[in-house]
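Fold and geometry: a report
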Amino acid sequence: MKQQYQLKNAMLMMALAAAYPMQSFAAAGIAQFSAGDVTLRRGAATDTLTKGKNIESGDAIVTGANGRAQVRFSDGGLVSLQPNSQFNIANYADRNDPKQDAFLVDLLRGGMRAVTGLIGKRNRDNREHDGEHQHPLAGRGAVVSPLRRFARCPCRQPAFRV
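**Some words on the pairing of strand 3 (residues 45–48)**
As defined by bridge partners, strand 2 (residues 38–42) adjoins strand 3 across four bridges and the pair is classed as antiparallel. Residue pairing for strand 3: Arg42 is matched across the bridge by Ala45. Where strand 2 hands over to strand 3, the hairpin turn is made up of two residues, of which Gly43 adopts a positive phi near 65 degrees.

**Here we look at the sheet that holds strand 5 (residues 60–63)**
Read across the open sheet, the five strands follow the order 3-2-5-8-9; overall the sheet is antiparallel. What marks the edges here is a single partner per strand, and that holds for strand 3 and strand 9 (102–109). Across the sheet, the mean angle from the axis of one strand to that of its neighbour is 20 degrees, orientation sign disregarded. Sheet analysis places strand 2 next to strand 5, joined by four bridges and oriented antiparallel. Bridge pairing links Val38 to Thr63 in strand 5.

**Things to note about the pattern of salt bridges**
Tallied over the entire structure, the rule returns five salt bridges. A salt bridge links Glu56 to Arg42; its shortest N-O distance comes to 3.8 Å. Of this pair, Glu56 sits in the loop between strand 4 (54–55) and strand 5 while Arg42 sits in strand 2, and the two are 14 residues apart along the sequence. Among the residues examined, Glu56 registers a relative accessible area of 36% and is labelled partly exposed. Between Asp94 and Arg122 there is a salt bridge whose closest N-O contact spans 3.1 Å. Placement of the pair is Asp94 in the loop between strand 8 (86–93) and strand 9 and Arg122 in helix 2 (residues 118–122), with a sequence separation of 28 residues. Residue Asp94 is classed as buried on the basis of its relative accessible area of 18%. Arg122 gets classed as partly exposed once you look at its relative accessible area, which sits at 24%.

**Overview of unusual backbone geometry**
Despite not being glycine, Asn84 has its phi angle at roughly 55 degrees, a positive value. Within the fold, Asn84 resides in the loop between strand 7 (78–81) and strand 8. For Asn84, a relative accessible area of 41% corresponds to the partly exposed category. In this structure, Asn96 is a non-glycine residue whose phi angle is positive, near 60 degrees. Mapped onto the elements, Asn96 comes out in the loop between strand 8 and strand 9. The exposed category is assigned to Asn96, whose relative accessible area is 55%.

**Some details on the packing of aromatic side chains**
For any pair of aromatic rings, geometry is given as the distance between the ring centres together with the angle between the planes. Enumeration over the complete set of coordinates arrives at three aromatic pairs. Centroid distance Tyr92 to Phe103: 5.6 Å. Interplanar angle 75 degrees. Geometry classified as edge-to-face. Of this pair, Tyr92 sits in strand 8 while Phe103 sits in strand 9, and the two are eleven residues apart along the sequence. The class of Phe103 is buried, set by a relative accessible area of 6%. Taken together, Phe73, Tyr92 and Phe103 form an aromatic cluster joined through their ring pairs.

**Overview of the sheet that holds strand 6 (residues 68–73)**
Read across the sheet, five strands follow the order 4-1-6-7-10 without closing on themselves; strand pairing throughout is antiparallel. Across the chains shown, the open sheet's two edge strands, defined by having one partner strand only, are strand 4 and strand 10 (112–115). Alignment of strand 7 against strand 10, held across four bridges, turns out to be antiparallel. Bridge assignment links Ser80 to a residue of strand 10, and that residue is Arg113.

Procedures and definitions
Residues numbered from 1 in each chain as written. Predicted model: local features only at pLDDT ≥ 70, side-chain atom pairs only at ≥ 80, totals over all residues. Heavy atoms only, no water. Pairing = 2+ DSSP bridges. Helix = DSSP H or I, 4+ residues; strand = E, 2+ residues; numbered from the N terminus. Axes fitted to C-alpha atoms, helices over the stretch in contact; angles between N-to-C directions. Salt bridge = Lys/Arg side-chain N within 4 Å of Asp/Glu carboxyl O. Buried < 20%, exposed > 50% of the residue type's maximum accessible area, 1.4 Å probe, protein only. Phe/Tyr/Trp six-rings, centres within 6.5 Å; stacked < 30°, edge-to-face > 60°.

Printed below as a string of structure tokens:
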């Protein structure tokens, strides 16, 4: 009886060990909502962003004049993009370790609302704001505090980097 229990434990440990490396290849997020003209740029490829599509580090989301999108990141963070926006995900890594986590995004134009995920809550000091430009943003956690004013940047420079 004791050997059977040990075998089950060993199999469980092997299954967990096999699944752990796959975590680093998991998507950064998933499109929860997409309406109107919304495009996903991945490298040189361009595709329409649809609900349920995986978002990866390095992707860019561009909304047209009637486009809106919402992305739920793997750390639980939520970003809602308004029309005429360009949102680049420069570096995203959710490794459940404040020293290895990364959430670096650029809002090049347009507007957004964001709710902080676990990456921002694990290490609140790990954020950077472009101090040369004035943007109506309130930095807290990974991006901005929930339900604040839209981030608008007519200068086409990154509004913030986290």
